[in-house]
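This is what each chain is made of:
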Amino acid sequence: MAAQSTSDDAIVVVSNQAPASLNIVRSLGRRGVRTIAAANREGTPAIASRYCDESVRLPDPFEDIVAYRDALLELAERPAVRTIAPVREPDVYVLSKYRDEFAEHVSTLWPDAETLAQAHDRVALVDAAETAGVAAPDTELLTDVEDWSGRRIVKARYGFLADRYVEDLGPENAIEAGTTEYIEPDERPDVDALVDQMGHVPIVQEYVDGTEYTIRALYDEGEPVVSTQKALRRGMKYPRGPSVYHEAVDIPELERAGLAILDELDWHGPASVGFIRDSETGTFKLLEINPRFWASLPCDIHAGVDYPHYYWQLANGATGPFDPAYRPGTASHFLRGELVHLHSVLTEEYAFVPRPSVGETVSGMAGSLLEQPNFDVFSLDDPRPFLRDTLNTVLGL
């Protein structure tokens, strides 16, 4: 059942360079909701939107996350603010860790700190997946690996490094997770160097060849109120990486696996659950949970599912579930990311991942742009964010 807000009600949208924050501002601004874009960097595309009513400068969470928390709390204390929309790991970490403080002022549509820790810790997440009957790649701590005979990847154990997860960090410290390393069979890496590089003991997983998918969902106190699915058709890097060309899909097996792990965690709020579909077995294997709004959110909106609107409805007392007219087969492009993908094809090499030809890549891009002229940032109705995003790219911001 829907609930109506007053015209003075506002939402704080934590904003960065990815398309999600811009599309939250656009979605709710078009519906007459007052939008406050809060960012720690100048030139954020969401701030350039015609649907942004106010912009606020935040401290850098990677310099002092306590100051970042204080700034968000100050915004939450405004009488008109109904909730906050997180788009990055520091956002949801602060909102979850200090959930009780925020709950005094706004609707807290995100998990508690205990649940978030299970999502951020990929070792705990694999354990939760086993309990839920969801497949996952073989996973070990780097320091426990003895057999390096197969194809392996090394990646951060945590989706975000902060004092709750890494004991050497103070309460004001926050560090972005390290990049994934690809390890050839029978190649024993320098363990100490990787631990130093990552800032903690990372995990090692078997490399699973296949296509990446995600299920995205909005939960209300352990109950799903709406969900969709996405296939990654092109990533920032040619092996994978953040999605830059994405297609809405409808695969019952994927839905069952994604909802099973979120049910196991008794989830609350938005989440995107990443899977790889094993090319040999067809099994969906769990990769990670993004416990917040996801970068490729515009794909869902183009496919008929307006997550920001439903998030706002929950903040105003709606109970769901929601039943939008979902359109699988709809796809969307992040144009700047497409250029990064092409650059990866032209200049980079990854262990045991064949590099596609430049001709195939350009042809695929051109064809998809003609067939699916939907965009994450570009909009004739609201062109300034695309111009801002382009300028940021040129200036290296």
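All values derive from a computational prediction rather than experimental measurement. (Residues numbered from 1 in each chain as written. Predicted model: local features only at pLDDT ≥ 70, side-chain atom pairs only at ≥ 80, totals over all residues. Heavy atoms only, no water.)

**Re the packing of helix α11 (residues 335-347) against helix α12 (residues 358-371)**
Reasoning step 1: Interhelical geometry of α11 versus α12 gives an angle of 165 degrees and a closest axis separation of 10 Å. As the angle between them shows, α11 and α12 are arranged roughly antiparallel. The interaxial crossing formed by α11 with α12 has right-handed handedness. Between α11 and α12, the contacting residues are Leu335, Glu338, His341, Leu342, Val345 and Leu346 on the first element and Val358, Thr361, Val362, Met365 and Leu369 on the second. (Axes fitted to C-alpha atoms, helices over the stretch in contact; angles between N-to-C directions. Helix = DSSP H or I, 4+ residues; strand = E, 2+ residues; numbered from the N terminus. Parallel < 35°, antiparallel > 145°, perpendicular 65-115°, else oblique. Left-handed = near helix turned anticlockwise from the far one by under 90°. Contact = heavy atoms within 4.5 Å.)

**Observations concerning helix α6 (residues 122-132)**
Reasoning step 1: Within α6, burial applies to Arg122, Leu125, Ala128 and Ala129. Looking straight down α6, one finds that the buried residues subtend no more than 110 degrees of arc, so they occupy a single side. Residues Glu130 and Thr131 are exposed on α6 and point more than 90 degrees away from its buried face.
Reasoning step 2: Where α6 begins, the side chain of Asp121 points an oxygen toward the backbone nitrogen of Val123, at a separation of 3.0 Å.
Reasoning step 3: Looking at the residues trailing α6, positive phi occurs at Gly133, about 75 degrees. (Buried < 20%, exposed > 50% of the residue type's maximum accessible area, 1.4 Å probe, protein only. Arc of directions from axis to C-beta. Polar contact = N/O pair within 3.5 Å; in protein donor to acceptor, adjacent residues only side chain to side chain.)

**Side note on the confidence of the model for the protein**
Reasoning step 1: Taken residue by residue, the protein gives an average pLDDT of 93. The fraction at 70 or more is 98%.
Reasoning step 2: With pLDDT under 50 throughout, residues 1-6 is counted as low confidence; its partners more than four residues away or in other chains account for eleven contacts. (pLDDT = per-residue confidence, 0-100.)

**Structural notes on the packing of helix α3 (residues 89-97) against helix α5 (residues 113-120)**
Reasoning step 1: The N-to-C vectors of α3 and α5 enclose an angle of 150 degrees; their axes lie 8 Å apart at closest approach. Relative to α5, the element α3 is oriented roughly antiparallel. α5 is crossed by α3, and the crossing has left-handed handedness. Residues Glu89, Val92, Tyr93, Ser96 and Lys97 of α3 lie in contact with α5, whose contacting residues are Ala113, Leu116 and His120.
Reasoning step 2: Class assignment of the residues belonging to the contact of α3 with α5 gives a composition of four nonpolar, two polar and two charged. (Nonpolar A, V, L, I, M, F, W, Y, C, P; charged D, E, K, R; others polar.)

**A few points about the sheet that holds strand β12 (residues 223-235)**
Reasoning step 1: Read across the sheet, six strands follow the order β15-β14-β11-β12-β13-β16 without closing on themselves; strand pairing throughout is antiparallel. Of all the strands in the sheet, just β15 (284-290) and β16 (331-333) have a single pairing partner and so form its edges. When the angles between neighbouring strand axes are averaged without regard to direction, this sheet yields 25 degrees. (Pairing = 2+ DSSP bridges.)

**Side note on the side chain of Arg88**
Reasoning step 1: Inspection of the secondary structure puts Arg88 in the loop between β4 (81-85) and α3.
Reasoning step 2: In this structure Arg88 touches Asn16, Asn40, Pro61, Tyr68 and Arg292, once residues within four positions along its chain are discounted.

**A short note on helix α8 (residues 252-264)**
Reasoning step 1: When the terminal C-alpha atoms of α8 are compared, their 18 Å separation across 13 residues agrees well with the 18 Å that a helix rising 1.5 Å per residue should span.
Reasoning step 2: Among the residues making up α8, those that are buried are Leu254, Ala257, Gly258, Leu259, Ile261 and Leu262.
Reasoning step 3: Among the structural elements, α6, β11 (210-220), β12, β14 (269-278) and β15 are those in contact with the buried residues of α8.
Reasoning step 4: Two residues or fewer past α8, Asp266 is found with a positive phi of approximately 55 degrees. (Expected span 1.5 Å × (residues − 1).)

**Quick word on the sheet that holds strand β2 (residues 34-39)**
Reasoning step 1: Pairing within the open sheet is parallel, and its four strands lie in the order β3-β2-β1-β4. Edge positions in the sheet fall to β3 (54-57) and β4, since each has one partner strand and no second. For this sheet, the mean angle separating the axes of adjacent strands, direction not counted, is 25 degrees.
Reasoning step 2: Sheet topology places strand β1 (residues 10-14) next to β4; four bridges connect them, and they run parallel. Directly across from Ile11, in β4, lies its bridge partner Thr83.

**So, the packing of aromatic side chains**
Reasoning step 1: Applying the stated criterion across every chain yields a total of 16 aromatic pairs.
Reasoning step 2: Aromatic side chains Tyr182 and Tyr350 sit 5.5 Å apart centroid to centroid with 65 degrees between the ring planes, which places their arrangement in the edge-to-face category. Of the two residues, Tyr182 sits in strand β9 (residues 181-183) while Tyr350 sits in the loop between α11 and α12, which places them 168 residues apart along the sequence.
Reasoning step 3: On the basis of relative accessible area, Tyr350 is assigned to the partly exposed category, the value being 21%. (Phe/Tyr/Trp six-rings, centres within 6.5 Å; stacked < 30°, edge-to-face > 60°.)

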